[in-house]
Amino acid sequence: MKIVVAGATGALGRHVVAAVRDAGCEPVPLSRSTGTDLVTGAGLVEALQGASAVIDASATSSTSTSASVDFFTTVTDNLLTAERAAGVPHHVAISIIGAAQVRANYYAGKAAQEDLLRERDGGWSLLRTTQFHDFAQQLIGHGAVGPLQVVPTMRSQPIATSEVASELVAIATGAPQGVVPDLAGPREENMADLVRRLLASEGRRRPVLQIPLPGAWGRGMRDGSLLPTPGTRRGEMTFAQWLALRQS
Ligand SMILES: NC(=O)c1ccc[n+]([C@@H]2O[C@H](COP(=O)([O-])OP(=O)(O)OC[C@H]3O[C@@H](n4cnc5c(N)ncnc54)[C@H](OP(=O)(O)O)[C@@H]3O)[C@@H](O)[C@H]2O)c1
């Protein structure tokens, strides 16, 4: 079984490619660095020939509402159109718990992606998860201000990308399900604390400053909107275990 992985070089995509192989399937990795731009869509139909499913793990690094909405709607539309042309029966997407409710900045793009799928009459599955453990790393890339590391005030229950990847592949090898039950990490954490622990694990001593971001975006981060509801399925790997694995 051939499974296309869009965004194959990202934090999640790398694990999805490995999980596809572990499941005995053949991954077809797509990203700009492998020669496919999902925004232009050039060459997509050819790349999707013979695939049984597409797992979309692509993302923009922009946090502006318009750029995020543009990216996620354009990529989703291009993938769905190419899938139809190439006869691929299953599109698997990932979104973020609470994004559709917060619907601002980056989360507006995820909400728009979810809306596009829901307009479709079948042929897709959507998994929502909490932030990945890697999110702390992604924040470090964005929030260096002089000697300081600025981190938004944020409640999160992060999950391991390897666990999300296995779940996405399990979904992709089955029939389309629409929205599947959410998946969260094992415990709630404070994002600034995770960034401090990650920096310390790398021997970096930069002071971490936690700031409340303005607007609906920042409010959603700190008011618990991105946390799972009681009874949500949980992954097993804690942030501490993920850090230890990263250092081994
Ligand atoms: N990070 C989190 O905490 C988190 C939590 C829950 C859900 N999610 C969702 O999980 C998905 C993956 O997130 P991530 O954090 O793994 O993203 P990421 O690390 O930023 O990776 C993004 C991937 O998309 C590719 N990409 C970006 N623009 C592209 C384009 N124009 N054409 C082709 N490929 C493109 C990148 O490769 P190139 O740069 O080589 O093109 C890369 O492989 C996203 O849908 C995100 O919203 C993320």
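Here the structure is a predicted model, which is why all the values come from computation and not from measurement.

Another point: the overall build of the protein. Scanning the protein for helices and strands turns up 10 helices and 13 strands. Computed over C-alpha atoms, the radius of gyration of the protein comes to 18 Å, within 12% of the 18 Å expected from 2.2 N^0.38 for 248 residues, which places it in the range of a compact globule. Taking the principal axes of its C-alpha atoms as reference, the protein extends roughly 50 × 40 × 40 Å. Every one of the 248 residues in the protein was classed for burial, and the buried ones make up 53%. Across the protein, the fraction of contacts at a sequence separation of at least 24, relative to all contacts at a separation of at least 6, is 80%. For the protein, the computed accessible surface area is about 10800 Å², with 52% contributed by carbon and sulfur atoms. Of note, the protein has its 22 positive side-chain charges centred 7 Å away from the centre of its 22 negative side-chain charges.

The sites that carry the UniProt feature "domain: NAD(P)-binding" (unreviewed entry) are, in the present numbering, residues 7-171. Within residues 7-171, the helical portion is 45% and the strand portion 18%, while the C-alpha atoms at the span's ends are 17 Å from each other.

Further remarks concern the site of the ligand. Inspection of the region around the ligand gives 29 residues, with Thr-9, Arg-32, Tyr-106, Lys-110 and Gln-138 positioned closest. Backbone polar atom of Gly-7 to an oxygen atom of the ligand: 3.2 Å apart, as the coordinates give it. Protein burial of the ligand: of its 890 Å² of free accessible surface, 88% is covered by the chains. The set of elements that each furnish at least two residues to the shell around the ligand consists of helix H1 (11-22), helix H3 (65-86), strand S4 (91-96), helix H5 (106-118) and helix H6 (134-142). In terms of residue count, the dominant contributor to the shell around the ligand is S4 (three residues). When grouped by side-chain class, the residues that make up the shell around the ligand number 14 nonpolar, 12 polar and three charged.

Moving on, we get to the pairing of strand S3 (residues 53-56). If a strand is regular, its side chains alternate between the two faces of the sheet. Residues Ala-53 and Ile-55 of S3 are buried on one face, and the alternating residues Val-54 and Asp-56, pointing to the opposite face, are buried as well. As a crossover connection, the stretch from S3 through H3 into S4 is right-handed.

This part is about the nonpolar core. Formed by 44 residues in total, the largest nonpolar core has its most connected members in Leu-48, Tyr-107, Met-191 and Val-195. Once you skip the residues sitting within four places of it in the chain, Tyr-107 turns out to touch Ile-96, Ala-99, Val-102, Gln-131, Met-154, Trp-217, Met-221 and Leu-226. Ile-3, Ala-53, Val-180 and Leu-183 belong to the second largest nonpolar core, which has 25 residues in total.

This part is about the sheet that holds strand S6 (residues 144-145). A sheet is described by the order of its strands in space; here three strands give the open sequence S6-S7-S12, paired in mixed fashion. One side of each edge strand has no neighbouring strand; the edge strands of this open sheet are S6 and strand S12 (208-211). Sheet topology note: the S6/strand S7 (residues 148-152) ladder contains two bridges and is antiparallel. Across the sheet, Ala-144 pairs through a bridge with Gln-149, a residue of S7. Contacts from helix H8 (residues 191-201) reach S7 and S12 within the one sheet, and its direction differs from that of S7 by about 145°.

Glancing now at the packing of H1 against helix H7 (residues 161-172). The description of two helices packed together rests on the angle between their axes and the distance between the axes. Relative orientation of the contacting elements H1 and H7 amounts to 55°, with a least axis distance of 8 Å. If you check the angle between H1 and H7, you find them oblique. Judged by the sense of rotation from one axis to the other, the crossing of H1 with H7 is right-handed. Along its contact with H1, which presents Ala-11, Leu-12, His-15, Val-16, Ala-19 and Val-20, the element H7 presents Thr-161, Ser-162, Val-164, Ala-165, Ser-166, Leu-168 and Val-169. Of the residues belonging to the contact of H1 with H7, the class tally is nine nonpolar, four polar and no charged.

Another point: the environment of Ala-82. Position of Ala-82 relative to the elements: it lies in helix H3. The spacing of Ala-82 and Leu-44 is 38 residues in sequence and 6.1 Å in space, taken between C-alpha atoms. For Ala-82, the contacting residues outside a window of four places in its chain are Leu-44, Val-45 and Leu-48.

Calculation rules
Residues numbered from 1 in each chain as written. Predicted model: local features only at pLDDT ≥ 70, side-chain atom pairs only at ≥ 80, totals over all residues. Heavy atoms only, no water. Helix = DSSP H or I, 4+ residues; strand = E, 2+ residues; numbered from the N terminus. Rg over C-alpha atoms; globule rule 2.2 N^0.38 Å. Buried < 20%, exposed > 50% of the residue type's maximum accessible area, 1.4 Å probe, protein only. Contact = heavy atoms within 4.5 Å. Areas by Shrake-Rupley, 256 points an atom, 1.4 Å probe, with all protein chains shown as cover. Lys, Arg positive; Asp, Glu negative; His and termini not counted. Charge placed at Lys NZ, Arg CZ, Asp CG, Glu CD. UniProt positions renumbered as here; feature names shortened; annotations may be inferred. Near = heavy atom within 4 Å. Polar contact = N/O pair within 3.5 Å; in protein donor to acceptor, adjacent residues only side chain to side chain. Nonpolar A, V, L, I, M, F, W, Y, C, P; charged D, E, K, R; others polar. Right-handed = clockwise from strand over helix to strand, strands pointing away. Core = buried A, V, L, I, M, F, W, Y, C linked by side-chain atoms within 4.5 Å. Pairing = 2+ DSSP bridges. Axes fitted to C-alpha atoms, helices over the stretch in contact; angles between N-to-C directions. Parallel < 35°, antiparallel > 145°, perpendicular 65-115°, else oblique. Left-handed = near helix turned anticlockwise from the far one by under 90°.

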